[in-house]
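Spelled out from the first residue to the last, the chains are:
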Amino acid sequence: MKKEALWYKKLDDNSIHCLLCPHNCKIPEGKSGICKVRKNEKGVLYTLNYKKASSIAMDPIEKKPLYHFHRGKKILSIGTFGCNFRCDFCQNYEISQSDYYSSVVDIDKLINTCKKNPNCIGIAYTYNEPTIWYEFVLECSKKFKEAGLKNVLVTNGYINIPPLKELLPFIDAMNIDVKSMDEDFYKIICGGRPKPVMATLEEAVKFCHVEITSLIIPTQNDSEEDMTKLSKWLASLNPDIPLHLSRYYPRYHMDLPPTDPALLMKLKNIASKYLNHVYIGNVPGLI
Ligand code: SF4
């Protein structure tokens, strides 16, 4: 099922300027953007993953992770395929770097699934990057809001501000990945830039509940300076923003050994000088 995309401009030579994310792709006719899920067909931009789901599951809200938003409740979690980043360490590369999907979803049926489970508060757009599923997420979040249910985005935050502003009135909570504060880390390892992610976060905290996840990779983004910079900046927005320091495991193109839990504890102690809620994730028995 393909659908015309939102947020693009036609250019003179039948090419397209996509305005959805900070890559701002110029897409020639017959080609797709960096995310590979938005394609120029005869001068019209189509979204290729509209309503296509790669995974649907009822998860505990803490798994998103969100620790300060309806704790103890469940959330219907759904993802599609594609991503606008190419992280070497991607923990979900089977769906983020492919076009695999297992079902075409019906939004009313998703709402019914939530309503049938008294412990379920709504839906989380997660597993892969939801901002490049924009048309579906916007439509679905409007209907969930009307039905009195919550919408949660688990995102890399790489979206332009105008489309973000259109979506935010329907979003109740976000977990935003801040992978590092370092330009080179984002550029070389993820294929992006940190500043647009920071801008998303600054906008999001005005509208909804926000928690942050930072996957700590040994020797790549684990310096005390990096953690001090990140936590000081978050504290300048609000020292109550929860920060989740997540343990990395070797995946995709990265084969460094898993993060030492002692390193995570050290970084947690640094971040806790500035922030009131710092957690360790992906290490059984540690929080
Ligand atoms: S959403 Fe996709 S096509 Fe659009 S600018 Fe971003 S990477 Fe390019």
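The rules behind each value
Residues numbered from 1 in each chain as written. Predicted model: local features only at pLDDT ≥ 70, side-chain atom pairs only at ≥ 80, totals over all residues. Heavy atoms only, no water. Domains from an automatic or database assignment. Buried area = accessible area lost by both parts, 1.4 Å probe. Salt bridge = Lys/Arg side-chain N within 4 Å of Asp/Glu carboxyl O. Polar contact = N/O pair within 3.5 Å; in protein donor to acceptor, adjacent residues only side chain to side chain. Nonpolar A, V, L, I, M, F, W, Y, C, P; charged D, E, K, R; others polar. Helix = DSSP H or I, 4+ residues; strand = E, 2+ residues; numbered from the N terminus. Buried < 20%, exposed > 50% of the residue type's maximum accessible area, 1.4 Å probe, protein only. Patch = residues over 30% accessible without salt bridge, like charges linked within 9 Å, V, L, I, M, F, W, Y side chains within 5 Å. Areas by Shrake-Rupley, 256 points an atom, 1.4 Å probe, with all protein chains shown as cover. Near = heavy atom within 4 Å. Pairing = 2+ DSSP bridges. Axes fitted to C-alpha atoms, helices over the stretch in contact; angles between N-to-C directions. Parallel < 35°, antiparallel > 145°, perpendicular 65-115°, else oblique. Left-handed = near helix turned anticlockwise from the far one by under 90°. Contact = heavy atoms within 4.5 Å. Core = buried A, V, L, I, M, F, W, Y, C linked by side-chain atoms within 4.5 Å. Phe/Tyr/Trp six-rings, centres within 6.5 Å; stacked < 30°, edge-to-face > 60°. Lys NZ or Arg CZ within 6 Å of the ring centre and 35° of its normal.

A. Representation of the domain arrangement of the protein. Looking at the assigned domains, one finds that the protein contains domain 1 (3–47) and domain 2 (53–281). Each of domain 1 and domain 2 has a C-alpha centre, and these two points are 25 Å apart. Summed over both partners, the interface of domain 1 with domain 2 buries about 1500 Å², with 60% contributed by carbon and sulfur atoms. By the criterion of area lost to domain 2, the three top residues of domain 1 are Trp7, Leu20 and Pro22, representing 39% of everything that side buries. Inspection of the region where domain 1 meets domain 2 yields 1 salt bridge. For Arg38, the salt bridge is made with Glu135, and the minimal N-O distance between the two is 2.9 Å. Between the two partners, domain 1 and domain 2, sit 12 residue pairs in polar contact (both at pLDDT 80 or more). The residue makeup of the side of domain 1 that touches domain 2, split by class, is 10 nonpolar, 3 polar and 4 charged.

B. Unusual backbone geometry, seen in detail. The omega torsion across Lys64 and Pro65 is -10°, close enough to zero to call that bond cis. Its location among the elements puts Pro65 in the loop between β8 (55–60) and β9 (74–79). Even without a glycine there, the phi angle at Lys51 is positive, about 65°. Relative to the helices and strands, Lys51 is located in the loop between β6 (44–47) and β7 (52–53). One non-glycine residue, Thr219, adopts positive backbone phi at about 70°. Along the chain, Thr219 turns up in the loop between β14 (209–216) and α7 (224–237). Owing to a relative accessible area of 61%, Thr219 belongs among the exposed residues under this scheme.

C. Expanded view of a nonpolar patch on the surface. Nonpolar side chains collect at one region of the surface, where Met1, Tyr101 and Val104 lie side by side and expose about 280 Å² of accessible area between them. Relative to the elements of secondary structure, Tyr101 occurs in the loop between α1 (93–96) and β10 (103–104).

D. Quick peek at the site of the ligand. All residues in the neighbourhood of the ligand are listed as Cys18, Leu20, Cys21, His23, Asn24, Cys25, Ile27, Gly33, Ile34, Cys35, Arg38 and Ile132. Here the shell around the ligand is built from residues that sort into 8 nonpolar, 3 polar and 1 charged.

E. Structural detail: the sheet that holds strand β1 (residues 3–4). Reading across from one edge, β1-β6-β5 is the order of the 3 strands in this open sheet, with antiparallel pairing throughout. Whereas interior strands pair on both sides, the edge strands pair on one side only; in this sheet they are β1 and β5 (38–41). With 4 bridges connecting them, β5 and β6 associate as antiparallel partners. Directly across from Asn40, in β6, lies its bridge partner Leu45.

F. Focus on the packing of α7 against helix α8 (residues 261–271). Put simply, α7 and α8 touch, their axes get as near as 9 Å, and they point 40° apart. By the angle between their axes, α7 is oblique relative to α8. Viewed along their axes, α7 and α8 form a crossing whose handedness is right-handed. The segment α7 lies against α8, with Glu224, Met227, Thr228 and Ser231 engaging Lys266, Leu267, Ile270 and Ala271.

G. Structural context of the pairing of β9. Counting buried positions along β9 yields 5 of 6 residues, so the element is predominantly enclosed. Pairing of β8 with β9 involves 6 bridges; the strand directions are antiparallel. Pairing of Ser55 across the sheet is with Gly79, part of β9. Pairing analysis gives 4 bridges linking β9 to strand β11 (residues 120–125), with the strands arranged parallel. Its bridge partner lying in β11, Ser77 is registered against Ala124.

H. Up close: the nonpolar core. One finds Phe89, Phe136 and Leu243 to be the most contacted residues of the largest nonpolar core, which totals 80 residues. Apart from the residues within four sequence positions on either side, Phe89 is in contact with Lys179, Phe185, Ile189, Cys190, Leu215, Ile217, Tyr248, Arg251, Tyr252 and Met254. Among the nonpolar cores identified, the runner-up in size contains 9 residues, and Leu66, Phe69, Ile121 and Val152 belong to it.

I. Representation of the packing of aromatic side chains in the model. This model, assessed by the stated rule, comprises 8 aromatic pairs. Ring centres 6.0 Å apart and planes at 70° place the aromatic pair Phe85 and Tyr186 in the edge-to-face group. Residue Phe85 is found in the loop between β9 and α1, and its partner Tyr186 is found in helix α5 (residues 183–190); the two are separated by 101 residues along the sequence. Judged by its relative accessible area of 0%, Tyr186 is buried. Note on Phe185 and Tyr186: the rings are 6.5 Å apart at their centroids and 80° apart in plane angle, and the pair reads as edge-to-face. Grouping residues by exposure puts Phe185 and Tyr186 together as buried. Among the aromatic residues, those joined into a cluster by ring pairs are Phe85, Phe89, Tyr158, Phe185 and Tyr186. Between the NZ or CZ atom of Lys3 and the centre of the ring of Tyr50, over which it lies, the distance is 5.2 Å. Taking NZ or CZ as reference, Arg71 lies 5.0 Å from the ring centre of Tyr67, over its face.

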